[in-house]
Amino acid sequence: MRERFVLLAAALAAFGASLGSGFHFDDYAILADAGLRSASGWRQIWTLRQTRPLTYLSFWFNYRLGAENPLGYHALNLLLHGAAVLLLYEVLRRLAPARVALVAALIFAVHPLQAESVDYVWGRSIVLAAVFCFGALLAWLSDRPWLATGLFALALLAKEECAAFPLVLLLLPKARVRRAPVAAMLGLAALAAARVFYALAVIPGAPAGVQAGITPWHYFLAEGPAIWRYLRLLAIPYGFTVDPEIGVPAAWLALAAWAALGAAAWFTRRWRWFAIGLLLLLPSSSIFPAADLAADRRMYLPMLGFATAVALLLVRWKPAGAAAVVVLCGVSIARTQVWNHDAALWREAVERGPDKVRPKIQLSRDVPAKEALRLLADARALSPNDPAIATEAGKVLLANGRAAEALAEFGRALALDPRNPENYNNRGVALAALGQTDAARADFLRALAMDGGLEEARENLRKMGGR
């Protein structure tokens, strides 16, 4: 029992300060989702377009209990992380020596690679999926394979990136292989993949698949170096950023990175744990394209393997294990402080990725207008035809009473991306501010014709006396 209290205390020490944090980046999509804000939203979540209904159901509960107060959202993230830590410890106690199990669970609990998943409300999906995956592992090791299958199904409903989990069961030491449940799990993973492909096909602007802006081949080339970046952060926890600067390298360099990963898996095959970590990374970090070439939260579930592999090394030198956990916890405390402030988070990203556009756009939302416009000018120099830059510039100008200049920026965004209904809505807002009500109403109607669920356009139309 003492070990479990130590694990929970360590996790709370590392990430407990997130309870004072707010919302970041994609978190605002939760608050803007009309379904999640509706009393009947729990039913609307269960559609084929929604690939992570259990995660969205948890957001719905958060909204019903605390509306837009971020405390409840962060508290639930922290509770789920604690549950994942305890379940992982129970699993590893059955698969590894007691000291290895404890050190591995402590590394999982406090490593700063976990900060993005725990401190970022939107990162909850992989934490929730990990809770169900670790529960499935525990059921599997307790000779309850069909319960494990059911728990894995729930994990897929939280986040589809856990799809490789059934293959992990084939690599576990001391675990009995049962073909029928594994086959059933692989079938569920295939169904989840099909659902993802369908959702990406019908949702405009989805940040993955064919709309990610990168081919599967180029994504594959980028992911070898991206995985090495994760492993470097695993060993040397310095250089974190919410938006890492990862590019597509030359083919020879990328293939060499992948070959080196394969060699590392081969040389550590006796432990199996390194290979398990790599296997759990593959659904998000191989050939299925995503707009973000790297994101630390993708390491949350794979830390099952990587943390255990590190623990096997550290337990040979007992003081090293304790020292490593203390250092990692300290870095996570500092990392959580960065996550607690939007401006600090994105200023760090700007400094560590000076050639990236998105951090400049994000930081422009948290600084005075003069600095915001300078950041957006820098972003435009890097990417002259990015409509998001024009949109943000328009919002800054409009908020500072410069409606005519804002109209020009919103018009530019619309010209660059005429299929985005939000661009019509934004232009309508600027037109309304200039007193051009008929033109504004026409833009709001056009936005709603393109996306009937765009609540902002509906509200703007309502304010003008429309329907």
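Above: the structure in question.
Residues numbered from 1 in each chain as written. Predicted model: local features only at pLDDT ≥ 70, side-chain atom pairs only at ≥ 80, totals over all residues. Heavy atoms only, no water.

Asks: Just to check I follow, could you spell out the overall build of the chain for this structure?
Replies: The helix and strand inventory of the chain stands at 25 helices and zero strands. In terms of overall size, the chain behaves like a compact globule, its C-alpha atoms giving a radius of gyration of 23 Å where 467 residues would be expected to give roughly 23 Å. Within the span of the chain, comprising 467 residues, buried residues form 52% of the whole. Carbon together with sulfur atoms contributes 63% to the accessible area of the chain, which is approximately 20400 Å² in total. Averaging the locations of the 48 positively and 35 negatively charged side chains of the chain gives two centres separated by 10 Å. (Helix = DSSP H or I, 4+ residues; strand = E, 2+ residues; numbered from the N terminus. Rg over C-alpha atoms; globule rule 2.2 N^0.38 Å. Buried < 20%, exposed > 50% of the residue type's maximum accessible area, 1.4 Å probe, protein only. Areas by Shrake-Rupley, 256 points an atom, 1.4 Å probe, with all protein chains shown as cover. Lys, Arg positive; Asp, Glu negative; His and termini not counted. Charge placed at Lys NZ, Arg CZ, Asp CG, Glu CD.)

Asks: How do you make sense of unusual backbone geometry when you look at a structure like this?
Replies: Excluding glycine, a negative phi dihedral is what most residues carry, and trans is how most peptide bonds are arranged. With a phi angle near 50°, A67 is a residue other than glycine that sits in the positive phi range. Locating A67 in the fold gives a position in the loop between α5 (53–66) and α6 (70–93). For D143, which is not a glycine, the phi torsion comes out positive at approximately 65°. Among the secondary structure elements, D143 is positioned in the loop between α9 (124–141) and α10 (145–158).

Asks: I'm lost on the side chain of H24 in this one. Help?
Replies: Of note, H24 is situated in the loop between α1 (2–15) and α2 (27–32). By relative accessible area, H24 is classed as buried at 1%. Here the side chain of H24 touches W339 through a polar contact of 2.5 Å, landing on its backbone oxygen. A polar side-chain atom of H24 sits 2.6 Å from a polar atom in the side chain of D342. Apart from the residues lying within four places of it in its own chain, the contact partners of H24 are D119, Y120, W339, N340, H341, D342 and L345. (Polar contact = N/O pair within 3.5 Å; in protein donor to acceptor, adjacent residues only side chain to side chain. Contact = heavy atoms within 4.5 Å.)

Asks: How do you make sense of the packing of helix α21 (residues 387–399) against helix α23 (residues 421–433) when you look at a structure like this?
Replies: Helix packing geometry: the angle between the two helix axes and the distance between the axes. Relative orientation of the contacting elements α21 and α23 amounts to 25°, with a least axis distance of 11 Å. What the angle tells us is that α21 and α23 run roughly parallel. Along this stretch, α21 crosses α23, giving a crossing that reads as left-handed. Facing α21, whose interface residues are T391, K395 and L398, α23 presents N423, N426, V429, A430 and A433. (Axes fitted to C-alpha atoms, helices over the stretch in contact; angles between N-to-C directions. Parallel < 35°, antiparallel > 145°, perpendicular 65-115°, else oblique. Left-handed = near helix turned anticlockwise from the far one by under 90°.)

Asks: Before we go on, may I ask you to explain the nonpolar core in this structure?
Replies: Nonpolar side chains tend toward joint burial in soluble globular proteins. Residues F108, F134, W273, M303, L304 and F306 are the most contacted members of the largest nonpolar core, which totals 134 residues. A per-element tally of this core places α9 first, with 14 residues. Among all residues touching F134, those that are not within four sequence positions of it are A84, L87, L88, V91, F108, L301 and L304. Judged by nonpolar contacts, the second largest core, of eleven residues, contains Y424, F444, L454 and L461. (Core = buried A, V, L, I, M, F, W, Y, C linked by side-chain atoms within 4.5 Å.)

Asks: What exactly am I supposed to notice about the pattern of salt bridges here?
Replies: Side chains that differ in charge, positive against negative, can pair when their charged atoms come close. Tallied over the full model, the rule gives 22 salt bridges. Of the charged contacts in the structure, one is a salt bridge between E90 and R4, with a shortest N-O distance of 2.7 Å. Remark: R4 occurs in helix α1 and E90 occurs in helix α6; sequence separation between them is 86 residues. As a salt-bridge pair, E409 and R380 come within 2.7 Å of each other at their nearest N and O atoms. Taken together, the residues E409 in helix α22 (residues 403–416) and R380 in helix α20 (residues 369–382) connect sequence positions 29 residues apart. Its relative accessible area of 14% is what places E409 among the buried residues. Classification of R380 as partly exposed rests on a relative accessible area of 25%. The network of salt bridges with common partners includes R4, E90, R93 and R94. (Salt bridge = Lys/Arg side-chain N within 4 Å of Asp/Glu carboxyl O.)

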